[in-house]
Amino acid sequence: MRSGRTSWDRNSNDALRSQVALLEEQALSLFQQGRTAEAVPLQERAVELVRTIIDAQAGATPDDLVMLGSLQYGLGSSLRAVDRPDDALAALDAAEEAYGEVLGTGRRDMVQRITDVQVRRARTFQELGRVTDSILEMNGVVRAAVLAGPDGNVFEFELGLSRLLYTNALVLGQYGDPDLILSSADTVVRLITSNGLKVNTLEGDRAYYIDVLRSAATIAMREHAGQGRAETAVSAGRIAVDTWVEVERSKFPQLIREMGAIPSMYRISIVRAAAYYGKLTEALGQQELSERYRDFARSVDADVAGRAEQNWLGIGIGPMTMSTALHQARELLGVGQVSDEVLLLGGPDNARSRFTTNQRCPQSQWAASAGELARIVAPLERYPQLVAALGLEAHLLYASSLAVAEDVTAWHVANSRHWMYLLRDLVRAFEQAGDQAICQELKRWMDITCEVINPFHDPHGH
């Protein structure tokens with residue numbers, strides 16, 4: 001009797017697996033037609049069926065968990081696309097949990113899958129306006145990859161690192177330290193160009209890595225220009241626009257037709273690169289070249305081109321780097337307030353050799369370094385740009401330290417009061433700049449911090 005029941009269960013589960021495969025196939029067909037909203041229910045049903053299979057067994061097999069993780073990962077992507085970011089985060093958390101269980105059995109190939117989940121979660125946080133969570137997620141991923149280094153195939157490692165650093169530059173884009181953005185983008189350009197011959201031999205992925213190169217070079221063009229390095233910006237711009245074709249007015253109709261036939265993500269990155277390059281060459285007095293690239297960008301996609309031109313920083317008017325902010329703070333407050341050790345948090349001699357905030361110092365020093373920066377921020381109320389540049393980095397170091405704290409209560413007792421005051425100063429600085437989005441984000445952290453420290457401290461200092 002028991003044997004018969006086992007056989008029935010096995011046959012039933014095999015039938016369910018067939019249904020899962022069919023649902024995946026149908027969802028894929030809908031994706032290819034751009035009908036993501038219709039694909040989501042099919043993916044959700046597939047996830048339910050896999051859970052049914054697992055529940056019907058004595059325990060989940062590694063293969064079932066991999067299937068569940070893969071389905072949840074794809075569902076997370078789809079839910080992002082249909083503007084359900086909270087549900088997307090839940091799906092991605094479930095994917096990481098499934099892959100983590102398989103990793104616990106010794107399957108090292110799950111490391112890359114977990115990394116992919118974390119990267120997708122960082123982008124989802126970003127879309128939700130959860131700037132801190134997004135940056136911290138990428139901080140952890142990039143730091144782990146750099147510490148791990150190559151595991152055999154150096155080329156595969158460098159391709160993987162280029163993908164991570166490109167996403168890191170995107171996540172840092174609006175509020176990150178420009179030095180960290182540039183370090184990430186420049187390294188992507190270096191890694192892919194140095195592996196150019198090998199990249200050209202890739203089957204299927206070649207276009208993707210060329211797009212990563214173009215996009216990273218476009219970021220580098222904008223950021224180098226913003227920091228006043230026009231010559232370097234031009235070099236990055238040439239790399240970006242040379243990834244498809246030299247724009248000639250006589251070939252506009254043909255080029256525009258070609259753009260319509262390529263995937264949307266590639267077309268958008270080409271338009272953005274052309275629009276930025278047009279703005280850069282305009283600032284350098286190369287009017288004919290500028291008009292050619294800007295006209296091309298507008299002809300392919302006027303909306304994307306228009307947004308790109310609005311987002312162009314100009315030459316020498318980009319956001320302040322942390323290193324510059326620290327040196328200016330020293331001039332205002334004196335060497336006694338801003339020591340050489342604190343200056344090094346901004347990078348030795350302005351060298352862009354770091355990719356993340358939590359690479360500024362050892363993990364054991366994150367909270368202490370955040371406290372040093374917070375102490376500097378306090379007397380700089382009349383200089384909101386300095387408060388923003390230094391305060392955000394201090395906030396990220398506090399949050400990084402809390403995330404790895406073994407004794408959370410002790411951590412809060414030691415740090416949360418100073419963190420709350422820092423957040424208050426940051427909110428004031430960004431309110432002066434009229435940036436309500438980051439103010440909302442910082443107030444959310446401020447509310448959480450107040451709730452935690454109230455049992456230990458009087459927030460009014462009495």
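Look up: the structure comes first, before these words.
Quick summary incoming for the structure in this document. (Residues numbered from 1 in each chain as written. Predicted model: local features only at pLDDT ≥ 70, side-chain atom pairs only at ≥ 80, totals over all residues. Heavy atoms only, no water.)

This paragraph deals with unusual backbone geometry. Phi is positive for Asp-83, which is not a glycine, with a value near 65°. Within the secondary structure, Asp-83 sits in the loop between helix H3 (62-81) and helix H4 (85-103). (Helix = DSSP H or I, 4+ residues; strand = E, 2+ residues; numbered from the N terminus.)

We now examine the environment of Gly-346. For Gly-346, the position within the fold is in the loop between helix H17 (340-343) and helix H18 (366-377). The class of Gly-346 is buried, set by a relative accessible area of 5%. Those residues in contact with Gly-346, other than ones at most four positions away along the chain, are Asp-179, Met-322, Ser-323, Leu-326, Arg-354 and Arg-360. (Buried < 20%, exposed > 50% of the residue type's maximum accessible area, 1.4 Å probe, protein only. Contact = heavy atoms within 4.5 Å.)

Attention now goes to the pattern of salt bridges. For the structure on display, the rule yields 29 salt bridges. Residues Arg-222 and Glu-223 are paired through a salt bridge, measuring 2.8 Å at the closest nitrogen-oxygen approach. You'll find Arg-222 and Glu-223 in the same group, each marked buried. With a shortest N-O distance of 3.1 Å, Arg-360 and Glu-393 are connected by a salt bridge. Of this pair, Arg-360 sits in the loop between H17 and H18 while Glu-393 is found in helix H19 (residues 384-403), placing the two residues 33 residues apart along the sequence. Glu-393 matches Arg-360 in its accessibility class, with the two residues each being buried. Several salt bridges share partner residues, and in doing so they unite Arg-249, Lys-279, Glu-282, Arg-294, Asp-295, Arg-298 and Glu-309 into one network. (Salt bridge = Lys/Arg side-chain N within 4 Å of Asp/Glu carboxyl O.)

Before going further, it helps to examine the packing of helix H11 (residues 230-241) against helix H13 (residues 264-283). H13 packs onto H11 with a crossing angle of 145° between their chain directions and a minimal axis gap of 10 Å. As H11 packs across H13, the resulting crossing turns out to be left-handed. Note on element contacts: H13 touches H11 through Ala-273, Tyr-277 and Leu-280, opposite Ala-233, Val-234, Gly-237, Arg-238, Ala-240 and Val-241. Among the residues making up the contact of H11 with H13, the classes are represented as 7 nonpolar, 1 polar and 1 charged. (Axes fitted to C-alpha atoms, helices over the stretch in contact; angles between N-to-C directions. Left-handed = near helix turned anticlockwise from the far one by under 90°. Nonpolar A, V, L, I, M, F, W, Y, C, P; charged D, E, K, R; others polar.)

This part is about the side chain of Asp-425. Examined against the element boundaries, Asp-425 turns out to sit in helix H20 (residues 408-433). Sequence-distant contacts of Asp-425, that is, excluding residues within four places in its chain, are made with Val-377, Ala-378 and Val-387.

Moving on, we get to the packing of H19 against H20. Running from N to C, H19 and H20 point in directions that differ by 155°, and their axes come no closer than 9 Å. As the angle between them shows, H19 and H20 are arranged roughly antiparallel. For H19 against H20, the interelement crossing comes out left-handed. Split into classes, the residues belonging to the contact of H19 with H20 amount to 16 nonpolar, 7 polar and 1 charged. (Parallel < 35°, antiparallel > 145°, perpendicular 65-115°, else oblique.)

Another aspect to go through is the packing of aromatic side chains. The full count for this structure, using the stated rule, is 10 aromatic pairs. Judged by centre distance (6.1 Å) and plane angle (90°), the ring pair of Tyr-398 and Trp-411 falls under edge-to-face. Here Tyr-398 is found in helix H19, whereas its partner Trp-411 is found in helix H20, with 13 residues between them in sequence. According to the relative accessible area criterion, Trp-411 is buried, its value standing at 8%. By way of ring pairs, the aromatic residues Tyr-398, Trp-411, Trp-419 and Trp-445 are connected into one cluster. Directly above the ring of Tyr-73 sits Arg-120, whose terminal nitrogen or CZ lies 3.9 Å from the centroid. (Phe/Tyr/Trp six-rings, centres within 6.5 Å; stacked < 30°, edge-to-face > 60°. Lys NZ or Arg CZ within 6 Å of the ring centre and 35° of its normal.)

Bringing the side chain of Thr-132 into the picture now. One can find Thr-132 in helix H6 (residues 131-148). A distance of 2.8 Å separates the side chain of Thr-132 from the side chain of His-395, its partner in a polar contact. Residue contacts for Thr-132: discarding those within four places in its chain leaves His-395, Leu-396, Ala-399, Glu-441 and Trp-445. (Polar contact = N/O pair within 3.5 Å; in protein donor to acceptor, adjacent residues only side chain to side chain.)

Moving on: the environment of Val-142. Residue placement: Val-142 occurs in helix H6. Note on Val-142: relative accessible area 0%, which makes it buried. Remark: the alpha-carbon pair of Val-142 and Tyr-209, spanning 67 residues in sequence, is separated by 18 Å. With near-sequence residues (within four places) excluded, Val-142 lies in contact with Leu-164, Leu-165, Asn-168, Phe-355 and Thr-356.

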